[in-house]
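Geometric and topological summary
Here is what each chain is made of, one letter per residue.
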Amino acid sequence: MADLRAGGDQLGGPKPFAPADRSRFLQALDAAVVAVKRGG
């Protein structure tokens, strides 16, 4: 696999984040940070 990556071959993978995906991620991250700050 390292040889394939080094060669620059595109092997596929997940689609890039859509704006809605990014928003959901940021909301979940914010909720996790707030929970940790509150001690929970």
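Further up the page is the structure itself.
So, here's what we can say about the structure. (Residues numbered from 1 in each chain as written. Predicted model: local features only at pLDDT ≥ 70, side-chain atom pairs only at ≥ 80, totals over all residues. Heavy atoms only, no water.)

1. Examining the overall build of the protein
To be explicit about the condition: Helix and strand labels come from DSSP, where a helix needs a run of H or I of at least four residues and a strand needs a run of E of at least two; each type is numbered from the N terminus. Each residue gets one of three labels from its accessible area relative to the maximum for its type: buried under 20%, exposed over 50%, partly exposed in between, using a 1.4 Å probe on protein chains only. Computed with the Shrake-Rupley method and a 1.4 Å probe, the accessible areas treat only the protein chains shown as cover for residues.
When helices and strands are tallied, the protein shows 2 helices and 0 strands. In the protein, which comprises 40 residues, the proportion classed as buried is 0%. Summed over its atoms, the accessible surface of the protein is roughly 3,900 Å², and 59% of this surface lies on carbon and sulfur atoms.

2. Some details on the packing of aromatic side chains
Stated precisely, the cut-off is as follows: In summary, the pairing rule links any two rings of Phe, Tyr or Trp, Trp by its six-membered ring, whose centres are within 6.5 Å, and it sorts them by plane angle into stacked for under 30 degrees, edge-to-face for over 60 and tilted for everything else.
Applying the stated criterion to the full structure yields 1 aromatic pair. Aromatic side chains Phe 17 and Phe 25 sit 6.3 Å apart centroid to centroid with 55° between the ring planes, which places their arrangement in the tilted category.

3. Topic: the pattern of salt bridges
To be explicit about the condition: Counted as salt bridges are all cases of a side-chain nitrogen of Lys or Arg within 4 Å of a carboxyl oxygen of Asp or Glu.
This model, assessed by the stated rule, comprises 1 salt bridge. With its nearest N and O atoms 2.5 Å apart, the salt bridge here joins Arg 24 to Asp 21. Pair noted here: Arg 24 and Asp 21 are both in helix H2 (residues 19-37), with a separation of 3 residues, about one helical turn. Judged by its relative accessible area of 51%, Arg 24 is exposed. For Asp 21, a relative accessible area of 29% puts it in the partly exposed group.

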